[in-house]
Amino acid sequence: MILELMIALTAGAAMFGTGLYGALSQTNLVMIIMGVELVLAAALVNLVAFWRYLHPEEPAAQMFVLIIMAVMAVEMTVGFGIAIARFRSRGSVEMEEARELKG
Amino acid sequence: MTGMTAQMIFLAFFGAAAVWFGIVVFRTKSMVRSALALLFSQTAVGLMFLVMQAEFLGVLQIMMMATEMSVMAIFMVMFMMDPGGMGAMDMTHQKRLSLWAGGIGLVAALAVIWLAAWGPAVPNIPGAAQQAADLGRELLGRSMFIFQSAGLTILTAMVAATMVAIAPRKERKE
């Protein structure tokens, strides 16, 4: 058993659970983005832990970390773009008031 | 105290800090405090990277998140009806479902983590300079297409987000 790997993965799992709770329970768009950021941070922790304790000779694992960081940046950019558009048209970024997006 | 024991202690400490600040994000009523808590959580993640000897990624994570969370704090103040949390507004819904989903996700992940056989430990890793050189070769060699695609995706997202955020011409004339 690699105890360091277990500790890192457990922290990642706890961050994932917290982020999932946040993304589902919050009504404000910016807070939902925060929840998704936590979930992606959990993925980052897992990737670095797998690289460090299972495949330290493989740089592709670090490359995946950079890709997840890019996904985090994209998610924030698009999220805030939508938030600005929504705030301009409706004066609020409360998702309870965005039921027309349901389809 | 051996190197691996120290690594384990610091990993547990920063891991606990990352999780604790992550919980604070959704517990505090003040949105500015939420953004700061997320900043501390992401910084703790960066420190975990440093403990795991991924120096480049650790520094990158801390620098990137410091900027990202500062922007997020500004947006929070701009868009929230009660950014200081003085009105103690409840901004949650479907709490029970969210708690169940988060709890089930956590338990499932923990079960996989603690029941899987991860194989023997690999204690020796390349030095920081060698890691950076290997990553550079990986990015500009085998993974160049993926890396370029990520760059292009960020550029597209930036342009799209700006277009969505710009006021329509009619609105600007008024």
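Just so it is clear, the structure is predicted and the values come from calculations on it, not from any experiment.

1. Quick word on the overall build of chain B
Then, number 1: Secondary structure summary: chain B contains 7 helices and 0 strands in total.
Then, number 2: The buried share of chain B, taken over its 174 residues, is 28%.
Then, number 3: Sequence separation of at least 24 residues holds for 57% of the intrachain contacts in chain B that already meet a minimum separation of 6.

2. Structural notes on the interface of chain B and chain A
Then, number 1: Taken together, the contacts link 70 residues of chain B with 62 residues of chain A.
Then, number 2: Among the elements of the structure, α1 (3–27), α2 (31–51), α3 (55–79), α4 (95–115), α5 (128–139) and α6 (144–165) of chain B are those that each provide at least two residues to the side of chain B that touches chain A.
Then, number 3: Element by element, the count of residues in the side of chain B that touches chain A is highest for α4(B), at 13 residues.
Then, number 4: Tallied by class, residues from the side of chain B that touches chain A come to 49 nonpolar, 17 polar and 4 charged.

3. Thoughts on helix α1 (residues 3–25) of chain A
Then, number 1: With 23 residues, α1(A) extends 33 Å from end C-alpha to end C-alpha; this agrees with the ideal 33 Å at 1.5 Å per step.
Then, number 2: Among the 23 residues of α1(A), 20 are classified as buried, and the element is accordingly described as predominantly covered.

4. Quick look at the UniProt feature "transmembrane region" (unreviewed entry) in chain A
Residues and elements named next belong to chain A.
Then, number 1: Look at the UniProt record and you will see "transmembrane region" (unreviewed entry) annotated at residues 6–24, 31–54 and 60–85.
Then, number 2: Secondary structure across residues 6–24 comprises 100% helix and 0% strand; the distance between its end C-alpha atoms is 27 Å.
Then, number 3: End C-alpha to end C-alpha, residues 60–85 measures 38 Å, and it is 100% helix and 0% strand.

5. Concerning the domain arrangement of chain B
Then, number 1: What the domain assignment reports for chain B is domain 1 (1–85) and domain 2 (128–174).
Then, number 2: Each of domain 1 of chain B and domain 2 of chain B was reduced to a C-alpha centroid, and the two centroids are 23 Å apart.

6. Side note on the nonpolar core
Then, number 1: Grouped together as the largest cluster of nonpolar side chains are 72 residues, with contacts concentrated most on A:A8, A:M15, A:V30, A:V45, A:V48 and B:M48.
Then, number 2: No other element matches helix α2 (residues 29–53) of chain A, which puts 16 residues into this core.
Then, number 3: Of the domains in this structure, domain 1 (1–85) and domain 2 (128–174) of chain B are the two that each give at least three residues to this core.
Then, number 4: Setting aside residues up to four positions removed in sequence, B:M48 forms contacts with A:A8, A:V45, B:L11, B:F14, B:G15 and B:A18.

7. Looking at the UniProt feature "transmembrane region" (unreviewed entry) in chain B
Residue and element names in this part refer to chain B.
Then, number 1: Residues given the UniProt feature "transmembrane region" (unreviewed entry) here are residues 6–26, 35–52, 58–79, 99–117 and 145–167.
Then, number 2: Secondary structure content for residues 58–79 is 100% helix and 0% strand, and the end C-alpha separation is 31 Å.
Then, number 3: Between the end C-alpha atoms of residues 145–167 the distance is 35 Å, and the span holds 91% helix and 0% strand.

Parameters at a glance
- Per chain, residue numbering runs from 1 following the sequence as it is written.
- For naming, the first written chain is A and the first written ligand is 1, with later ones following in the order written.
- Given that this is a predicted model, residues contribute local features only at a pLDDT of at least 70 and side-chain atom pairs are listed and counted only at 80 or more, while totals for whole chains, interfaces and linings are drawn from all residues.
- In DSSP terms, a helix is any run of H or I states spanning at least four residues, a strand is any run of E spanning at least two, and both are numbered starting from the N terminus.
- Once C-beta atoms are placed from the backbone, each residue is buried if 20 or more other C-beta atoms lie within 10 Å of its own, exposed if 12 or fewer, and partly exposed for counts between those two.
- We call two residues in contact when the distance between their C-beta atoms, placed using the backbone, is within 7 Å.
- Each residue is assigned to one of three groups, with Ala, Val, Leu, Ile, Met, Phe, Trp, Tyr, Cys and Pro labelled nonpolar, Asp, Glu, Lys and Arg labelled charged, and all others, Gly among them, labelled polar.
- Helix span, as expected, comes to 1.5 Å for every residue beyond the first.
- UniProt positions are given in the numbering used here, feature names are shortened, and annotations may be inferred rather than shown by experiment.
- Those domain boundaries reflect an automatic or database domain assignment.
- Buried Ala, Val, Leu, Ile, Met, Phe, Trp, Tyr and Cys residues form a nonpolar core when they are connected through C-beta atoms within 7 Å.

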